[in-house]
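As a plain string of letters, each chain reads:
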Amino acid sequence: MTVNILIVGAGAVGAFYASRLAHLPNTQISVICRSNYTAVAANGFSVTSPQYGSYTFTPQHTFANPREAREANIEWDYIVVSTKALPDVSDDSVILEGLVRDGNRRTAIVLIQNGLGVESPYLSRFPNAIILSAVTIVSAAQTSPGVIKHNRWTRISIGPYLSSSGDSGTSTTEGVHKIAIKSNERFVQLLQAGGIKDAEAYSAEKLQLVRWHKIAINASMNPSAVLSYGSTNNAMAKDPELYCHLKGVMDEVLATAPKVLGTQLPKEFATSEAILRSTMRNTSGSKPSMLLDWESGKRMELEVILGNPIRIAREKGLEMPRLQSLYALLRMAQENRENQKQSSKI
Ligand SMILES: NC(=O)c1ccc[n+]([C@@H]2O[C@H](COP(=O)([O-])OP(=O)(O)OC[C@H]3O[C@@H](n4cnc5c(N)ncnc54)[C@H](OP(=O)(O)O)[C@@H]3O)[C@@H](O)[C@H]2O)c1
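Residues numbered from 1 in each chain as written. Predicted model: local features only at pLDDT ≥ 70, side-chain atom pairs only at ≥ 80, totals over all residues. Heavy atoms only, no water.

(A) Spotlight on the overall build of the chain. Across its full length, the chain holds twelve helices and twelve strands. Relative to a compact globule of 346 residues, whose C-alpha radius of gyration would be 20 Å, the chain shows 20 Å and is just as compact. C-alpha extents for the chain along the principal axes are approximately 55 × 50 × 45 Å. With 346 residues in all, the chain has 49% of them scored as buried. When contacts within the chain are restricted to residue pairs at least 6 apart in sequence, long-range pairs at least 24 apart make up 73% of them. Computed over 36 positive and 30 negative side-chain charges, the separation of the two mean positions in the chain equals 5 Å. (Helix = DSSP H or I, 4+ residues; strand = E, 2+ residues; numbered from the N terminus. Rg over C-alpha atoms; globule rule 2.2 N^0.38 Å. Buried < 20%, exposed > 50% of the residue type's maximum accessible area, 1.4 Å probe, protein only. Contact = heavy atoms within 4.5 Å. Lys, Arg positive; Asp, Glu negative; His and termini not counted. Charge placed at Lys NZ, Arg CZ, Asp CG, Glu CD.)

Right under this line is the structure:
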């Protein structure tokens, strides 16, 4: 049977993973585009990768908007969401209205996004849906509309997102959980078959540990790169004062995660020292995504990378003062810039 996959947010990450899945027999990939619609509808995507070479990928359907996708009336097995997670700007779960199927051929929503709490809007809107939560360390960029540059790394960790609401344990919920686990394994197998050898299936609990661990990296490097006026990760790790700061932020997150989740971080997860050692070795000059967004005048993923971790910890009576300072400063910097943009339009 053909597996139908819809990509919502066909930018760097969405189009890269889609291009790997597109190699598979019996798998049809479609995309909902936005600003890259004209280019993708005309020429598909072109992908360059040090690992997979240069190739093009033409989606089965290229939709200009969610309405076109709904009108196609396709039973989607997976809807992959890889928009930037900007809950302060838009609730992207609305895009999936009318596209998520219940019943025998149930749709799984796969969220490939950075941050914490990205699942909540989807769980609220589709309480019975299967939600798979994915964390990737890929480095990729859409350098012009429809042109995807894969730089390095492919690892993607995926686990079901199970509602922690009070009704778990009922037979209906258990049934949905079993389907979610199977659906998760199947999606990971598809990625592996598409050449993503380090796609890995996780339990719901362990996946949230992976999310927190990635927050340690993102919440330290991303805001600090902006607040230090455009530093690369490598330059920050090599500066003695910034090294202390980055390590302090990472350790704060890594110490808070087990208290929030009620379980220790696995021993195989890299320590702050190991992350910083590897950052010092990486001389590629890569800039964190928040810095790239700031430099191009775009909104940053502040809420899911900083705001949500702070709020989730606070619900457990825990404070993360280093994160809180970064969040407060950068949120105000963003607000000031947005206000300036508005007043310069008048
Ligand atoms: N890039 C990386 O190397 C990397 C690595 C790890 C994790 N991540 C995470 O992966 C997620 C995606 O990042 P990305 O770098 O792939 O971002 P990106 O290149 O900006 O791609 C996001 C895509 O979503 C589209 N989009 C946004 N809202 C939409 C809507 N309402 N309808 C249709 N399309 C919509 C955007 O279109 P427009 O161009 O019109 O805005 C863009 O094409 C983020 O959470 C990011 O933090 C990225």
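Picking up after the structure, the text goes on.
(B) Quick look at the pairing of strand S9 (residues 139–144). As paired elements, S9 and strand S10 (residues 147–152) share five bridges and run antiparallel to each other. Its bridge partner being in S10, Ser144 is matched across the sheet by Val147. In sequence, S9 turns back onto S10 through a hairpin of two residues, with Gly146 there showing a positive phi of about 85°. (Pairing = 2+ DSSP bridges.)

(C) Here's a closer look at the domain arrangement of the chain. Domain boundaries assigned for the chain yield domain 1 (3–202) and domain 2 (207–345). In this complex, domain 1 contributes 26 residues to the contact, which on the side of domain 2 involves 22 residues. Regarding the contact of domain 1 and domain 2, the summed buried area is about 2000 Å², with carbon and sulfur atoms giving 58% of it. On the domain 1 side of the contact with domain 2, Asn114, Leu116 and Val135 bury the most area, a combined 34% of that side's loss. At the junction of domain 1 with domain 2, the criterion picks out three salt bridges. The tally of links between domain 1 and domain 2 comes to 14 residue pairs in polar contact (both at pLDDT 80 or more). When residues of the side of domain 1 that touches domain 2 are traced back to their parent elements, those giving at least two are strand S8 (130–136) and strand S11 (156–160). Ranked by residue count, the leading element in the side of domain 1 that touches domain 2 is S8, at four residues. Class assignment for the residues of the side of domain 1 that touches domain 2 results in 14 nonpolar, eight polar and four charged. (Domains from an automatic or database assignment. Buried area = accessible area lost by both parts, 1.4 Å probe. Salt bridge = Lys/Arg side-chain N within 4 Å of Asp/Glu carboxyl O. Polar contact = N/O pair within 3.5 Å; in protein donor to acceptor, adjacent residues only side chain to side chain. Nonpolar A, V, L, I, M, F, W, Y, C, P; charged D, E, K, R; others polar.)

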